[in-house]
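# Descriptive analysis of the structure
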Amino acid sequence: MKAEWILNLKPGEDPEQKAQEWIREYDAFAEDFPDSRGLADQLSQRVRNAAVLLKGTHAADNLNLNGVPLGDPADMAFAGSWFSLPELVDIQMGWAVLADGRNDTPGDPRASVRQGFLRELEGKWQDALRCYQQGPEDPEIRRRMQYCRERTTAEGALCYAKAQELLLKLRQSEALKLLNQAAHLGNIDAAEQLALSPASKDREKALGLLRHAAGQNDPDACFALYRLYDQGIYPVQATEAERMLHQAADLGHAQAQTLTAEGTDLRPVRTILLEEIHAGSKNALWWMVQECEKQGDMEQAVEWLDKAIEANQLDALLATAQAYAEPGTEAYSRADAMDYYRRAARAGSLEALTALGDLELTDTHISFYDMALLLHSPNAPRKKPDQHMMEQHRKQLAWYTLAANAGAVGPMLVLSDAYAQGYPVEQDAAQAFFWANQGAGAGDPLCMYKAARMLEQGNGVQQNLPEAVRLYEQAALKGMAQAAERLWQIYATGLGAIRPNRRKAAFYHRRTNRR
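Now for a look at the structure at hand. As the structure is a prediction and not an experimental result, all values here were calculated from the model. (Residues numbered from 1 in each chain as written. Predicted model: local features only at pLDDT ≥ 70, side-chain atom pairs only at ≥ 80, totals over all residues. Heavy atoms only, no water.)

### Re the overall build of the protein
The helix and strand inventory of the protein stands at 28 helices and zero strands. Of all intrachain contacts in the protein linking residues separated by at least 6 positions in sequence, the fraction that spans at least 24 positions is 53%. With the model as given, the accessible surface of the protein reaches about 26100 Å², and the carbon-plus-sulfur share is 49%. The positive charge centre, built from 56 side chains, and the negative charge centre, built from 70, are 6 Å apart in the protein. (Helix = DSSP H or I, 4+ residues; strand = E, 2+ residues; numbered from the N terminus. Contact = heavy atoms within 4.5 Å. Areas by Shrake-Rupley, 256 points an atom, 1.4 Å probe, with all protein chains shown as cover. Lys, Arg positive; Asp, Glu negative; His and termini not counted. Charge placed at Lys NZ, Arg CZ, Asp CG, Glu CD.)

Structure (C-alpha cells):
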C-alpha cells in the first residue's frame, strides 16, 4: 500500500505531523476501548513507517496489515476522500458504526456515498449500491458500484448453493431462509424456486422480486416468469407469460429465442395443474383450489379441496381448520377445527400446535401468558383464576411447549413469561431463563433482552455480565430500544468489570427512543 494512502496525506501536508495526528487518534480510541490497544499500537507503528518512507531517511516495512478494515489500498484511497481522520480510525478499529451518520446532512449526496461505503463494510452490497446511486457522478463511485454488483451476485449464488445442500439434507426451514436471502440478492434461480413454494407469502415475495428484475430488463427474470406460468403458478397469467417470453427473447435469452422461434403453447393453468396432479403433486391440488376460486368455479373448488384434504396437503388442512375455528360463523365447530389442526400438526405445522392450544380456551379469551402478566399487574382483574380456567391454561401451555420444543420462537417467549411469573405452572427462574435463551439463540430480539436481564441479575442462571452485554448488543442492533437504553446506562456508569466508555454510551444512546 502506498505510504500516502496510509497517512491519507493531502498535498502540502507534512508526513511526520500527519503521522502524529493519527497516533493521537489511535491512543484516544484505545483509551475508550482498552481491548484494542494491541491493534492501535500496530497501526501507530505503521503510520510511523509510512512517514519515514516518505521522508526518505531510511527504508520502512510493515506497511501492509491484512484483515484490518481499510487494509485494501483501493478502500483506503477511496475512504480518505469521504471521511475525517477520527472517522477513519473508528473504521480501522472495527467500529464503523461510530462514523455512521455522525457528520451527515440528510439529502446530501456526500452523505449517500459515506453511507454506501459503510454498508459495504457490513457486507450489505445492495444497500451500498442504492446509496452510491444517489451520490455524485464520479468514476471511483462507478467502480464501487460495479464491485457491489459483483459481490451481490456472488453472495446470492453462494446462498443458493448452500440452500440446495440443506434441501438435500431435508433441513427445509434453514434452506428456506437462505433461499429468501439469495432471492433478495437478485438470484433468479432462488426467486423462481420460492415462487414454486406452497407457502404463499414466499411466493408473493418471490414473484415481486422477479417482476422487479424483469422491469430492469433482466432476461433470466423474464424467462423465469414465463416458466412459472408453464409450471402452473396461478398468479402468472397467460398474457404476462407471453409478454415475458418475448421480452426475454428480445434481450438475448437463448431458450426464450428458441421457444419463440418454434412457437409456444400457453395452455390454461388448470390444464397444467391437472398434469401436475396426475404426476402426484399434492401442492398442485391446493393451487387448483385457488385457481377455481379465482375463476368463480366454487363447485370445482370444493371438490379439489376435498381431494387436497384427503391427501393431507398442509395448506388445505390449515385453511379448513381455520374456517371451523372461527366463532360466530355457520361453519364453527371446535371439534372439527381440532381434528384438522391435529392433522396439520402431524404434517409438520408448528402454527397448528399453537392453534390447538388456543382452542383449549373454551370460555375465556385470556391466554395463559396474558394471565401470567396480569397477575403481577396493579390493574389485574382478579388475583386468583378459578380451577376451571387454570386447567384450560395448563392445556394451552402444553401445546405451546410442544411447539417450542419443535423450534417455534413465539411460544419460547411466552413460556419464559409463564415460568417467570409462576402461572399456570410453579415459578421456576431456571426454566424462564432456559426458554428466553432458546428464543435468543433463534434470533428473537425480545428473548435476547430477557435473557440478558436474567444473566445480568443472576436470575435463574449464574451471573455473567459479559454474556449479558453481548446479548444486549445483539438485541440493540436488531432494533430493541430497551436493550440500547440498558447499554447506554452500562457504558455511561460502568458495571462490575465493564468500564465506562463514552463512545459506546453515545452510540447506544442514539439507538434508544430518546431524542
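Don't stop here, the text continues.
### Thoughts on the environment of A161
In this structure, A161 sits in helix α8 (residues 139-168). Taking relative accessible area as the criterion, A161 reaches 35% and is therefore assigned partly exposed. A sequence separation of 53 residues divides A161 from A214, and the C-alpha atoms of the two residues are 23 Å apart. (Buried < 20%, exposed > 50% of the residue type's maximum accessible area, 1.4 Å probe, protein only.)

### Digging into the packing of α8 against helix α10 (residues 188-195)
Orientation of α8 relative to α10, taken along the N-to-C sense of each, is 40 degrees, at an axis distance of 9 Å. When the axes of α8 and α10 are compared, the pair comes out oblique. Where α8 approaches α10, its residues Y160, Q164 and L167 are matched on the opposing element by D189, A190 and Q193. Of the residues that constitute the contact of α8 with α10, the class distribution is three nonpolar, two polar and one charged. (Axes fitted to C-alpha atoms, helices over the stretch in contact; angles between N-to-C directions. Parallel < 35°, antiparallel > 145°, perpendicular 65-115°, else oblique. Nonpolar A, V, L, I, M, F, W, Y, C, P; charged D, E, K, R; others polar.)

### What about the pattern of salt bridges?
Inspection of every chain in the model, using the stated rule, returns 22 salt bridges. E122 serves as the salt-bridge partner of R119, at 2.5 Å between the closest nitrogen and oxygen. With a relative accessible area of 12%, R119 lands in the buried category. Judged by relative accessible area, E122 falls into the partly exposed class, the value being 41%. Note that R211 and E240 form a salt bridge whose closest N and O atoms lie 2.8 Å from each other. Residue R211 is found in helix α11 (residues 200-215), and its partner E240 is found in helix α13 (residues 238-250); the two are separated by 29 residues along the sequence. One salt-bridge network, in which partners are shared between bridges, spans D32, D90, R502 and R503. (Salt bridge = Lys/Arg side-chain N within 4 Å of Asp/Glu carboxyl O.)

### Description of the nonpolar core
Among the nonpolar cores identified, the biggest contains 78 residues, and W22, Y26, V47, F83, Y132 and Y472 are the most heavily contacted of them. Leaving out residues up to four positions away in the same chain, W22 has contacts with I6, L7, N8, V47, M76, L85, L88, V89 and Q92. F223, A316, A337 and M338 belong to the second-largest nonpolar core, a separate cluster that totals 67 residues. (Core = buried A, V, L, I, M, F, W, Y, C linked by side-chain atoms within 4.5 Å.)

### Notes on the side chain of R486
Mapping R486 onto the fold places it in helix α27 (residues 481-493). Side-chain polar atoms of R486 contact the side chain of E456, separated by 2.5 Å. Excluding its chain neighbours within four sequence positions, the residues that come into contact with R486 are R453, E456, Y472 and L495. (Polar contact = N/O pair within 3.5 Å; in protein donor to acceptor, adjacent residues only side chain to side chain.)

### Let's talk about the packing of α10 against helix α12 (residues 219-230)
Running from N to C, α10 and α12 cross one another at 20 degrees; their axes reach a closest spacing of 10 Å. In terms of their interaxial angle, α10 and α12 are classed as roughly parallel. With respect to the hand of their crossing, α10 and α12 are arranged in right-handed fashion. Residue-level contacts link I188, E192 and A195 of α10 to D220, A221, A224, R227 and L228 of α12. Grouping the constituent residues of the contact of α10 with α12 by class yields five nonpolar, no polar and three charged. (Left-handed = near helix turned anticlockwise from the far one by under 90°.)

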